[in-house]
Structures are given as C-alpha cells and as structure tokens.
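Chain and residue survey
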Amino acid sequence: KAGLLIEADTGEILYEKNAHQENFPASLTKVMVALLVFEAIDEGKIALTDSVTATESAFEGLSSDGSTANIVPGETMTVEQLLNCMLIVSANEACNILAEAVCGEGNISQFVQRMNERAAALGCENTHYVNTSGLHDPDHYTTAWDIYLITRALMPYEKFMEICNSKSYTVPATNMTDKPRELHSTNFLISNWRARGYVYRDAQGIKTGSTEEAGHCLVSSAVR
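Residues numbered from 1 in each chain as written. Predicted model: local features only at pLDDT ≥ 70, side-chain atom pairs only at ≥ 80, totals over all residues. Heavy atoms only, no water.

**What about the environment of A153?**
Mapped onto the elements, A153 comes out in helix α5 (residues 144–154). With relative accessibility at 24%, the residue A153 sits in the partly exposed group. C-alpha separation for the pair A153 and R118, spaced 35 residues apart in sequence, amounts to 11 Å. A153 has contacts with L35 and L122, leaving out every residue within four places of it along the chain. (Helix = DSSP H or I, 4+ residues; strand = E, 2+ residues; numbered from the N terminus. Buried < 20%, exposed > 50% of the residue type's maximum accessible area, 1.4 Å probe, protein only. Contact = heavy atoms within 4.5 Å.)

**Things to note about the layout of surface pockets**
By volume, the largest pocket is sized at about 1,100 Å³. Lining the largest pocket are 34 residues, with L4, L5, L218, V219 and S220 sitting closest to its centre. For the lining of the largest pocket, the secondary-structure elements that each account for two or more residues are β1 (3–6), β2 (13–17), α5 and β8 (215–222). Among the elements that make up the lining of the largest pocket, the one with the highest residue count is β8 (8 residues). In terms of residue class, the lining of the largest pocket is made up of 21 nonpolar, 9 polar and 4 charged. Each pocket or cavity is described by its volume, and for the second largest pocket that value is around 720 Å³. Taken together, 36 residues line the second largest pocket, and the ones lying closest to its centre are S67, S90, T186, T208 and S210. When contributions to the lining of the second largest pocket are tallied by element, the ones reaching two or more residues are β6 (181–184), β7 (203–211) and β8. Looking at the lining of the second largest pocket residue by residue, the class counts come to 10 nonpolar, 19 polar and 7 charged. (1 Å grid on protein atoms, 1.4 Å probe; cavity = no way out; pocket = protein on both sides within 12 Å on 5 of 7 lines; lining within 4 Å. Points joined across faces, edges and corners; volume = space filled by probe spheres on them. Nonpolar A, V, L, I, M, F, W, Y, C, P; charged D, E, K, R; others polar.)

**Some words on the pairing of β7**
Along β7, 7 of the 9 residues are buried, which leaves the element largely enclosed by surrounding structure. Two elements, β7 and β8, share 7 bridges in a ladder whose sense is antiparallel. Looking at the pairing, G209 lines up with C217 of β8. Counting the residues that bridge the hairpin from β7 to β8 gives 3 residues. (Pairing = 2+ DSSP bridges.)

**Regarding the packing of helix α2 (residues 79–88) against helix α3 (residues 92–103)**
Direction vectors running N to C along α2 and α3 enclose 145 degrees, while the axes themselves pass 8 Å from each other. Here α2 and α3 pass one another in a crossing that is left-handed. On the side of α2, the interface is formed by V79, L82, L83, C85 and M86, while α3 contributes A94, C95, I97 and L98. Of the residues in the contact of α2 with α3, the class split is 9 nonpolar, no polar and no charged. (Axes fitted to C-alpha atoms, helices over the stretch in contact; angles between N-to-C directions. Left-handed = near helix turned anticlockwise from the far one by under 90°.)

**Section: the side chain of D146**
If you trace the backbone, D146 turns up in helix α5. One buried charge, D146, has no salt-bridge partner; the nearest side chain with opposite charge is R152, at 9.7 Å. When neighbours within four sequence positions are excluded, D146 is seen to be in contact with G123, C124, E125, N126 and T127. (Lys, Arg positive; Asp, Glu negative; His and termini not counted. Salt bridge = Lys/Arg side-chain N within 4 Å of Asp/Glu carboxyl O.)

**Structural notes on helix α4 (residues 108–121)**
The end-to-end C-alpha separation of α4 is 20 Å, in line with the 20 Å expected for 14 residues at 1.5 Å each. Turning to α4, its buried residues number three or more, namely I108, F111, V112, M115 and A119. Summarising the axial view, the buried residues of α4 lie within an arc of 105 degrees, below the 170-degree limit, and thus occupy one face. Structural note: α4 exposes S109, A120 and A121 on the side pointing more than 90 degrees away from its buried face. (Expected span 1.5 Å × (residues − 1). Arc of directions from axis to C-beta.)

Function cannot be read off these values alone, since they describe shape.
Take a look at the structure:
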C-alpha cells in the first residue's frame with residue numbers, strides 16, 4: 001500500500017509510494033513506545049535495570065490472540081527485559097507495562113497522549129495513536145513518512161538498535177516462572193527461525209507488525 005526508502009545520511013528519497021497516505025501501522029506503533037522509554041531513560045526517570053511489576057490494568061483491552069511474551073499480572077521484569085519482549089516478539093502487554101513504568105500505574109492513556117504529542121513534535125502530520133500496541137482501531141493510523149521520522153529519532157540509541165537487531169533473547173526465570181523463556185525475532189530479514197528465504201545480510205532490525213486490517217508492515221534499516 002505504501003513504501004519509503006531513504007538514504008539515512010543524506011535524507012535522499014530513493015523510493016516512495018503513497019508515503020503520506022494514512023495507513024494502519026499495527027505493531028510499528030511500538031517504535032514510538034520505545035522512543036518515549038529511551039527518552040525517559042535519558043531524563044533519568046527510569047533505568048534499564050529498574051524492576052517493574054506488571055499490574056492488572058496493564059492487561060486491560062488486550063486481545064487474547066495478540067502478540068505476547070506470556071507475561072502475567074504480578075510478574076516482575078527489568079525495563080531492559082520488557083524492551084526485549086516488546087521489540088523481539090512484539091509483546092503487547094510489555095507496551096502497557098512500560099507505559100505505566102514511565103507514567104505511573106493506571107496512566108496508560110496519559111502515555112498515549114504523550115505518544116501523540118511526541119509525534120507532532122517530530123513533524124508527523126498524519127499520525128494518531130489510540131493505544132500503545134497497535135491493536136486495530138480506526139482512529140489509530142500513521143504514514144510511511146511519519147514512521148521514518150519517528151524511527152530516525154530512535155536509531156541513535158545503541159541499546160535500541162542492539163535489541164531490535166537481536167535474533168533471539170532469553171528472559172531469565174522470574175518471580176512467576178520456574179525456567180527461562182526464549183524469544184525469537186518476528187523479523188524474517190534477520191532471523192530464519194520463523195520463516196526461511198528472507199534473511200538479508202545487511203539488515204539492522206527494526207520492527208515488524210501485522211493485523212488483518214493493516215496487513216504486513218515493516219520498518220527496517222540496512223548498512224553496507
């Protein structure tokens with residue numbers, strides 16, 4: 001439906017199709033969540049090593065068949081572990097748990113408001129968020145161009161690029177689990193685990209997304 005390819009250093013547009021057309025972003029939404037989390041870390045509000053306990057409110061409104069890392073209410077993980085859950089397997093609950101870590105318990109709607117404010121500040125003119133996960137809502141949309149603006153702001157964070165370019169990650173056992181859980185990337189460009197034939201040697205992350213309404217979405221970078 002839409003696409004955009006930009007040379008990162010110069011900003012030169014190499015390919016463009018409907019770049020300013022509003023589309024449903026599915027889990028590409030999570031790049032904005034990540035941006036706000038890393039900016040909160042910069043500001044000293046939270047730290048990667050902080051422990052966060054999942055609340056009941058973090059699971060409200062999530063679909064039973066959505067992407068998950070099987071986190072449960074009362075489970076404690078670090079911010080870094082939650083970022084891995086969100087970026088590697090696209091865990092919807094991790095988005096809400098991180099939103100509450102930044103804005104406080106029960107304040108997910110406040111975090112979503114910040115997502116919209118940050119998008120506007122970046123120059124996104126056709127983006128509106130309703131939730132943190134990208135679960136479908138007719139009022140939740142963005143464009144290829146706006147996704148580029150958001151991702152461009154996020155890529156200087158080395159820890160972000162390290163996480164989203166990881167093929168897999170092991171979450172250690174928590175207060176609610178007896179054994180570690182293995183996460184495998186949803187990104188076929190960097191991992192053969194879910195599908196073969198798509199690995200691209202120069203790819204660096206970044207995020208996939210899919211819902212029935214959005215179709216299959218991807219934001220990626222490559223270095224050669």
